[in-house]
Amino acid sequence: MKFSAETAKEVVFSQVEKVITDLGFNIDKQDQSRPWGGFFVLDESQAPKFIETYFPHLSVNDFGIGRKLSPKILVVAPNKRLSWQYHFRRAEIWKVVGGVAGVVTSETDEENELQTLPLGTIINLKQGERHRLIGLGEWGIIAEIWQHTDPQNPSDEDDIVRVQDDFGR
């Protein structure tokens with residue numbers, strides 16, 4: 001999947017949805033309202049298939065039995081940035097599955113240099129590691145899986161600590 005900066009958001013989401021469903025995944029939730037793009041949340045029961053498809057070097061056993069993995073496809077618009085953030089109860093693994101994207105990471109609140117993530121790149125983000133996904137000159141499509149670090153209190157969307165956000169969230 002590759003979409004130029006001029007491709008309309010609705011077209012990108014429609015095409016990404018088609019690819020997801022053609023691969024046999026069920027979409028639980030879709031959000032196109034984010035100012036940076038949006039995402040698709042996939043059926044949790046399909047996490048093993050998601051890992052096999054996008055992270056074949058891993059298996060469900062690498063995540064611990066019975067852990068929620070929250071498979072997602074992130075869609076980041078050209079020249080947009082997600083918040084500079086970290087999480088207390090999860091680590092994340094990303095893979096660029098369409099286009100190209102950028103990431104900034106750091107162990108502190110100070111942002112390091114932008115790293116370009118070409119198609120196929122996998123990046124592991126540790127629990128507490130500051131990170132920011134960035135759209136570059138085209139739409140970036142990212143497969144994301146969560147590694148919950150507290151099985152009794154799994155991570156959710158409330159487990160986002162925003163250090164900085166372009167959109168005032």
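Residues numbered from 1 in each chain as written. Predicted model: local features only at pLDDT ≥ 70, side-chain atom pairs only at ≥ 80, totals over all residues. Heavy atoms only, no water.

## Examining the overall build of the protein
1) Next: Looking only at helices and strands, the protein features 2 helices and 11 strands.
2) Next: Secondary structure of the protein in N-to-C order comes out as α-β-β-α-β-β-β-β-β-β-β-β-β.
3) Next: By the compact-globule yardstick of 15 Å for 169 residues, the protein fits well, its C-alpha radius of gyration being 15 Å.
4) Next: The principal-axis extent of the C-alpha atoms belonging to the protein is close to 45 × 40 × 25 Å.
5) Next: Per-residue burial over the protein gives 49% buried out of 169 residues.
6) Next: Partitioning the contacts of the protein with sequence separation of at least 6, the portion at a separation of at least 24 is 72%.
7) Next: Surface exposure of the protein reaches about 8,000 Å², of which carbon and sulfur atoms provide 48%.
8) Next: Mean positive and mean negative side-chain charge positions of the protein (19 and 26 charges, respectively) differ by 1 Å. (Helix = DSSP H or I, 4+ residues; strand = E, 2+ residues; numbered from the N terminus. Rg over C-alpha atoms; globule rule 2.2 N^0.38 Å. Buried < 20%, exposed > 50% of the residue type's maximum accessible area, 1.4 Å probe, protein only. Contact = heavy atoms within 4.5 Å. Areas by Shrake-Rupley, 256 points an atom, 1.4 Å probe, with all protein chains shown as cover. Lys, Arg positive; Asp, Glu negative; His and termini not counted. Charge placed at Lys NZ, Arg CZ, Asp CG, Glu CD.)

## Examining empty space enclosed by the protein
Using a probe with the size of a water molecule, rolled over the atoms, empty space left in the structure can be pinpointed.
1) Next: Enumeration according to the criterion identifies 1 cavity of 30 Å³ or more in this entry.
2) Next: Here the largest cavity is characterised by a volume of approximately 220 Å³.
3) Next: Trp36, Leu82, Gln85, Glu157 and Ile160 are the residues nearest the centre of the largest cavity, which is lined by 20 residues in total.
4) Next: Going through the elements one at a time, strand S3 (72-76), strand S5 (90-98), strand S9 (130-135) and strand S10 (140-148) are the ones with two or more residues in the lining of the largest cavity. (1 Å grid on protein atoms, 1.4 Å probe; cavity = no way out; pocket = protein on both sides within 12 Å on 5 of 7 lines; lining within 4 Å. Points joined across faces, edges and corners; volume = space filled by probe spheres on them.)

## So, the nonpolar core
The nonpolar side chains of a soluble globular protein tend to be buried, and buried together.
1) Next: Counting residues in each nonpolar core, the largest one holds 24 residues, and the members touching the most others are Val16, Phe50 and Ile73.
2) Next: Breaking this core down by element, the ones donating at least two residues are helix H1 (9-22), strand S2 (37-42), helix H2 (47-54), S3, S5 and S10.
3) Next: Those residues in contact with Ile73 that lie beyond four places of it in its chain are Val16, Ile20, Gly38, Phe39, Phe40, Leu42, Phe50, Tyr54, Ile141, Ile142 and Ala143.
4) Next: With 14 residues, the next largest nonpolar core counts Val76, Leu82, Trp94 and Val96 among its residues. (Core = buried A, V, L, I, M, F, W, Y, C linked by side-chain atoms within 4.5 Å.)

It is worth stressing that arrangement in space is one thing and function is another; only the former is reported here.
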